[in-house]
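A look at the structure
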Amino acid sequence: MPQSLPWPDAAEVLPISAVRATVDRLTSLAHTHPEDATLIPGAAVSEEELAADPPPALEQLTDELGGIEVRGLRMLDLLVEDRTDVGPYTLLGDPTTFYPLYETPDAAVILTIDETGAPGAVYGIGEDLALQLAAPDLATYLERFADALEATLTTLAERGDDAGEKNEDRTDAAGQLLDQHLFASVLGMRDLEQIPAVALQDPAGSGIADLPAGTVAVADLRQAPVGARADVMDAEVPGDPLAMQLVWREGGRVLCVLGG
């Protein structure tokens, strides 16, 4: 695939062996439930010319798997064709520092990419632009997605009587089930009081070295549990808070807020 973004490429390619079991599981689920799930072919096996531009470190994975659609809705996208900097991406930095895995107009799940091009932690970004730790790495997120997909497809199969492609009730049910099993907890759609919060720190007192120039606040999620939330809009920055920008350190587990 031709590259349109200047992706850093010093990182090692994620070996397909690291995610083989999950890729096979997703493939099997799609083949077992063809009325509800569709496997999106990877770049190496797609019959169409793709405009996608994934990070080079994901080449082995994206050659084999492009993603998963559920009832016609793309719930896992590894071959993103259109990139934007609006909506949930408003505070994110350069497009080569993250890669979307799922998106709606108001929310997204993103994979962090470091300065060498290595994939790191996965975050959900809700309507309030807070980030929630969805997984420490892509392999773990794919496993989590596969668990949610299997639970969703199993429930849909038990309905059994409305598998028609245009059945809107079934499509709505699929979306609600995936929210229940995954996206509600990833995108802050539940009671925020039940979600562990990681406070923003002053960079000088954070004890974290080699922070990027212009850092005005830091959220350290290196020891935080999956599901922990960092509300970056809480950062006290003079001027327009939407002019802030996020960059990552420590495999995406340290969020650095740069002033506008």
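Residues numbered from 1 in each chain as written. Predicted model: local features only at pLDDT ≥ 70, side-chain atom pairs only at ≥ 80, totals over all residues. Heavy atoms only, no water.

To continue, consider the sheet that holds strand β11 (residues 254-258). If you walk across this open sheet you meet the 3 strands as β8-β11-β10, and the pairing is antiparallel. The sheet is open, and its two borders are formed by β8 (215-220) and β10 (245-249), each paired with just one other strand. Averaged over neighbouring strand pairs, the angle between their axes works out to 25° when direction is ignored. Looking at chain direction, β10 and β11 are connected through 5 bridges and run antiparallel. Within β11, the residue paired with Trp-248 across the bridge is Leu-255. (Pairing = 2+ DSSP bridges. Helix = DSSP H or I, 4+ residues; strand = E, 2+ residues; numbered from the N terminus. Axes fitted to C-alpha atoms, helices over the stretch in contact; angles between N-to-C directions.)

What follows deals with the pattern of salt bridges. Taken as a whole, this structure holds 11 salt bridges when the rule is applied. With a shortest N-O distance of 3.1 Å, Arg-71 and Asp-36 are connected by a salt bridge. One end of the pair, Arg-71, is in the loop between β2 (65-70) and β3 (73-77); the other, Asp-36, is in the loop between α1 (20-32) and β1 (37-41), with 35 residues separating them in the sequence. Look at Arg-71 and you get buried, because its relative accessible area is 11%. Residue Arg-229 is joined to Asp-231 by a salt bridge in which the shortest nitrogen-to-oxygen separation is 4.0 Å. Taking relative accessible area as the criterion, Asp-231 reaches 22% and is therefore assigned partly exposed. It is possible to trace a salt-bridge network through shared partners that takes in Arg-20, Asp-24 and Glu-64. (Salt bridge = Lys/Arg side-chain N within 4 Å of Asp/Glu carboxyl O. Buried < 20%, exposed > 50% of the residue type's maximum accessible area, 1.4 Å probe, protein only.)

What follows concerns the packing of aromatic side chains. Two descriptors summarise a pair of aromatic rings, namely the distance from one centre to the other and the angle between the planes of the rings. Evaluation of the coordinates by the stated rule reveals 4 aromatic pairs. Ring centres of Tyr-89 and Phe-98 lie 5.5 Å apart, and the angle between their planes is 20°; this geometry places the pair in the stacked category. Geometrically, the ring pair formed by Tyr-123 and Trp-248 is stacked, given 6.0 Å between the ring centres and 10° between the ring planes. Of this pair, Tyr-123 sits in strand β6 (residues 119-125) while Trp-248 sits in strand β10; the two residues are 125 residues apart in sequence, bridging distant segments of the chain. Each member of the pair, Tyr-123 as well as Trp-248, carries the same accessibility label: buried. The ring of Phe-98 carries Arg-83 above its face, with NZ or CZ at 4.8 Å from the centroid. (Phe/Tyr/Trp six-rings, centres within 6.5 Å; stacked < 30°, edge-to-face > 60°. Lys NZ or Arg CZ within 6 Å of the ring centre and 35° of its normal.)

Turning our attention to the side chain of Gln-132. If you trace the backbone, Gln-132 turns up in strand β7 (residues 131-135). Discounting residues that sit within four places of it in the chain, Gln-132 has contacts with Val-122, Tyr-123, Gly-124, Ser-185, Val-186, Leu-187, Gly-188, Ile-195, Gly-227, Ala-228 and Arg-229. (Contact = heavy atoms within 4.5 Å.)

Taken in spatial order, the 5 strands make up an open sheet running β4-β5-β6-β7-β9, and their pairing is antiparallel. The open sheet is flanked by β4 (98-103) and β9 (229-230), the only strands paired with a single partner. Pairing between β6 and β7: 4 bridges, direction antiparallel. Note that in β7 the partner of Ile-125 across the bridge is Leu-131. Of the strands in this sheet, β4, β5 (108-113), β6 and β7 are in contact with helix α3 (residues 138-159), which crosses β7 at around 85°. Together, β4, β5, β6 and β7 form the strand contacts of helix α4 (residues 168-186), whose direction differs from that of β7 by roughly 135°.

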